[in-house]
Amino acid sequence: MMTLKVNGRDHQVDAEADTPLLYVLRDDLALNAAKFGCGLGQCGACTVIVDGKAVLSCVTPLLLLEGKQVTTLEGLGSIETPAPIQRAFIEEQAAQCGYCIAGMMMRAQALLQRNAKPTDDEIRAEMEPHLCRCGTHMRILRAIRRAAHLMQTADASTVQRSAQ
Amino acid sequence: MMTGRIVGGAVAALVVAGMAVAFAIAWRPSIAAIDAPAPQTFDAALVRRGRDLASIGNCSTCHTMRSGKDFAGGLPVPTPFGTIYSSNITPDAETGIGRWPEAAFRRALRSGVDRSGRHLYPTFPYDHFTKVNDEDDRALYAYLMTRQPVRAPAYANQLSFPFDQRFVVAGWKLLFLHGGTYQPDSTKSAEWNRGAYLVEGLAHCGACHTPRNALGAERASAQFAGGEADNWSAYAINAQSRAPVPWDADALFVYLRQGWHPDHGVARGPMAEVVSNLSDVPDSDIRAIATYMAGVFGPPTPDRKRRSDDVLAQVKSSSAPALPVSAAGAAIYQAACAACHESGRRLPYGGVNLALSSALSVPDARNAANTILSGIRPVEGERGPIMPGFAASMNNAQIAALLDYLRARFSSQLPWAGLEQTVADARHAQIVFLQTSPGPNNTPADASQRDKP
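What counts, and where the lines are drawn
- Residues numbered from 1 in each chain as written.
- Chains lettered and ligands numbered in written order.
- Predicted model: local features only at pLDDT ≥ 70, side-chain atom pairs only at ≥ 80, totals over all residues.
- Helix = DSSP H or I, 4+ residues; strand = E, 2+ residues; numbered from the N terminus.
- Rg over C-alpha atoms; globule rule 2.2 N^0.38 Å.
- Contact = placed C-beta atoms within 7 Å.
- Domains from an automatic or database assignment.
- Nonpolar A, V, L, I, M, F, W, Y, C, P; charged D, E, K, R; others polar.
- Pairing = 2+ DSSP bridges.
- Axes fitted to C-alpha atoms, helices over the stretch in contact; angles between N-to-C directions.
- Parallel < 35°, antiparallel > 145°, perpendicular 65-115°, else oblique.
- Left-handed = near helix turned anticlockwise from the far one by under 90°.
- Buried ≥ 20, exposed ≤ 12 C-beta atoms within 10 Å, placed from the backbone.

Description of the overall build of chain A
No. 1: On a plain count of helices and strands, chain A comes out with six helices and five strands.
No. 2: If you list the helices and strands of chain A from N to C, you get β-β-α-β-β-β-α-α-α-α-α.
No. 3: Taking 15 Å as the expected radius of gyration for a compact globule of 164 residues, we find that chain A reaches 15 Å, a close match to that expectation.
No. 4: Look at the contacts in chain A between residues 6 or more apart in sequence, and 64% of them connect residues 24 or more apart.

As structure tokens, then:
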């Protein structure tokens, strides 16, 4: 039994120390935004934020999360009140099949929390670990730029809500 | 009074004579500029050969910066004397080598002097390139002069006095630059000689794999005893190698050809760039390098051979011994690493069994730390090993505990000291490296692409 802090709440989790965070999020906590893609930390679909950094949850065992804050896409906003990053992805229609998008948004969120005005080169370098087979890359890049803009303007209040 | 004047005069004469000698040693004439030759004036076959040679010389790695244009320079190279920026070697007339005649290019490779007569810093490894023959210099010149010209002015080096004075380099050369192209050893095979010519010359393996003295020159008495490159340790590649399984010519060939070997693991860091560049080069040259280097490693002693057999047997049975070491490290290994590294699948489908890892047997923990932090990137279009990096999910204490455990379990060496600092430094260096190094190399792996200039 260990305590896992997810989206600002403590959860008592009954799982082995080597269980990947992704399994716990999806199977035990019903947080299904993070996706199982490759299971090898190579595609980015499972990305969540841990203590402000983008982390591949499929290769991160519970053992490493003692005392750390996990944020998933559900922790950023909801359908009713989307966070700036979510609004930006919707407004740019950046998803096609959508499987990679939750991971993309989480890494972009971590980037924008660290660097409010990234250059295009910085965005591309940061997003490089993420695969998208539909090919919506250009829309994703636009959405990240839009999110950066949104966060600096009207919606700044919602940005840091739970993604520490 | 009189004596004083005589002494004073003698001192003055000595100073003047000394300056004249220093000037004679340091001064090099300028070579007249030419109008940049048109690319079509170069023979296509020569350009193609130059391309292979430039790959062997690993030229693009230093002369290209991250997200910069090929060969346009600007890469900061940290040295103990300050930071030196690589130069633009595209044929741009103003900022590159477009107006250099072949004689000036050859002089730069042979003796480290640019067209205008300035001494070049030995970060440019002309102590090796001086061994390259005229024919290959010509091919390299043809290749570089037919690249896309890029306007990219040089960055100013950041060196402290006296190292910012280029005449100082002339003194360095007196001590450490031994000119003369490679002379074959008639008692050895043609393949061995080809390998020696490439390794000692253009490939400049010793530039990283040989330790350097206080003046930054390779220590001839410790050739290939291990050095460093870009915050990675470059392993000893002679009889002092700590590789759990001794290297032989076949293993070296496979490793240099594909970038990994099941009994040795994966080329990482700067060596990954070397093998990526080598993917352009014909098998025969890789084979020659492997043959020569196998001789440098020498045959394993009976003791090493026995230990190697033990390790290989242990890898097959893969039973974990109980160890009274860092419990935290053991738990992290079991949870985060063992699933791949003890899968029983050989590279590239599983992680290498860490009992085979040189990184855990060498005195320097940096390579192991770097690999845990950044993982191993996939090479586009190739069936190769991969590993996720753990920089974001493990903190320094966790990585230090893991390294401590790995060292105890998988090597017969004493524990590493100061691991948390090593990891902290590696984390910092990695961030700097990612900001400045060339992006991932997507050299075509398809052999049919290799003869295209």
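Past the structure itself, the notes keep going.
A look at the domain arrangement of chain B
All names here are of chain B.
No. 1: Each domain of chain B was delimited in the assignment, giving domain 1 (21-176) and domain 2 (190-439).
No. 2: In this structure, domain 1 and domain 2 have C-alpha centres spaced 30 Å apart.
No. 3: Residue-level contacts link 28 residues of domain 1 with 24 residues of domain 2.
No. 4: Of all the secondary structure elements, the ones that give two or more residues to the side of domain 1 that touches domain 2 are helix H2 (44-56), helix H3 (59-63), strand S1 (76-79), helix H5 (126-129) and helix H7 (167-176).
No. 5: In terms of residues, the side of domain 1 that touches domain 2 owes the most to one element, H2, which gives five residues.
No. 6: Looking at side-chain class alone, the side of domain 1 that touches domain 2 contains 14 nonpolar, nine polar and five charged residues.

Considering the interface of chain A and chain B
No. 1: Taken together, the contact between chain A and chain B spans 16 residues of the former and 13 residues of the latter.
No. 2: For the side of chain A that touches chain B, the element with the most residues is strand S4 (residues 53-56) of chain A, which contributes four residues.
No. 3: Its residues assigned to classes, the side of chain A that touches chain B comprises 10 nonpolar, three polar and three charged.

Observations regarding the environment of Pro415 of chain B
Residue and element names in this part refer to chain B.
No. 1: Within the secondary structure, Pro415 sits in the loop between helix H16 (396-410) and helix H17 (419-436).
No. 2: Taking the C-alpha atoms as reference points, Pro415 and Met394, separated by 21 residues in sequence, lie 21 Å from one another.
No. 3: Aside from chain neighbours lying at most four places away, what touches Pro415 is Asp404, Arg407 and Ala408.

Things to note about the sheet that holds strand S2 (residues 82-85) of chain B
Across a sheet, paired strands are connected by hydrogen bonds in the backbone, their directions being either parallel or antiparallel.
Residues and elements named next belong to chain B.
No. 1: As summarised here, the arrangement of the three strands in space is S1-S2-S3, forming an open sheet in which the pairing is antiparallel. Strand pairing shows two members of the sheet lacking a second neighbour, S1 and strand S3 (158-159), which therefore form its edges.
No. 2: Taken together, the two bridges between S2 and S3 define a ladder with antiparallel strand orientation. Paired with Thr83 across the strands is Gln158, a residue of S3.

So, the domain arrangement of chain A
All names here are of chain A.
No. 1: Entries for chain A in the domain assignment read domain 1 (2-75) and domain 2 (84-159).
No. 2: The gap between the C-alpha centroids of domain 1 and domain 2 is 20 Å.
No. 3: Contact residues are listed per partner, giving 14 residues for domain 1 and 13 residues for domain 2.
No. 4: For the side of domain 1 that touches domain 2, the secondary structure elements donating two or more residues are strand S3 (47-50) and S4.
No. 5: In terms of residue count, S3 provides more of the side of domain 1 that touches domain 2 than any other element does, three residues in total.
No. 6: When the residues that make up the side of domain 1 that touches domain 2 are grouped by side-chain class, the tally is nine nonpolar, three polar and two charged.

A few points about the sheet that holds strand S5 (residues 69-71) of chain A
Residues and elements named next belong to chain A.
No. 1: Strand order in the open sheet formed by five strands is S2-S1-S5-S3-S4, and the pairing between neighbours is mixed. In this open sheet, the two edge strands, each paired with only one partner strand, are strand S2 (9-13) and S4. Here the average twist between neighbouring strands, direction ignored, is 40 degrees.
No. 2: Taken together, the two bridges between S3 and S5 define a ladder with antiparallel strand orientation. Paired with Val50 across the bridge in S5 is Val70.

Here we look at the packing of helix H2 (residues 84-91) of chain A against helix H5 (residues 137-152) of chain A
Residue and element names in this part refer to chain A.
No. 1: With their axes 8 Å apart at the nearest point, H2 and H5 run at an angle of 135 degrees to one another. Taken as axis vectors, H2 and H5 run oblique relative to one another. Every pair of crossing elements has a handedness; the one defined by H2 and H5 is right-handed. Touching Pro84, Ile85, Arg87, Ala88, Phe89 and Glu91 of H2 are Ala143, Arg146, Ala147, Leu150 and Met151, all from H5.
No. 2: For the contact of H2 with H5, the residue count by class is eight nonpolar, no polar and three charged.

Considerations on helix H11 (residues 269-278) of chain B
All names here are of chain B.
No. 1: Of all 10 residues in H11, nine are buried, a share of seventy percent or more.
No. 2: Of all the residues in H11, the buried ones are Gly269, Met271, Ala272, Glu273, Val274, Val275, Ser276, Asn277 and Leu278.
No. 3: Residues of H11 that are buried make contact with H2, H3, strand S5 (232-234), helix H10 (249-258), helix H12 (283-297) and helix H15 (366-374).

A short note on unusual backbone geometry
No. 1: Here the amide bond leading from Phe161 of chain B into Pro162 of chain B is cis, since omega sits at 5 degrees, within 30 degrees of zero.
No. 2: Among the secondary structure elements, Pro162 of chain B is positioned in the loop between S3 and H7.
No. 3: Along the chain, Leu347 of chain B connects to Pro348 of chain B via a cis peptide bond; the corresponding omega equals 0 degrees.
No. 4: Residue position: Pro348 of chain B is located in the loop between helix H14 (327-341) and H15.
No. 5: Positive phi is not limited to glycine here, since Ala30 of chain A has a value of about 55 degrees.
No. 6: The topology assignment puts Ala30 of chain A in the loop between helix H1 (21-28) and S3.
No. 7: With 8 C-beta atoms packed within 10 Å, Ala30 of chain A lands in the exposed category.
No. 8: Non-glycine residue Asn58 of chain B carries a positive phi angle of around 60 degrees.
No. 9: Classification of Asn58 of chain B by C-beta neighbours within 10 Å gives buried; the count is 23.

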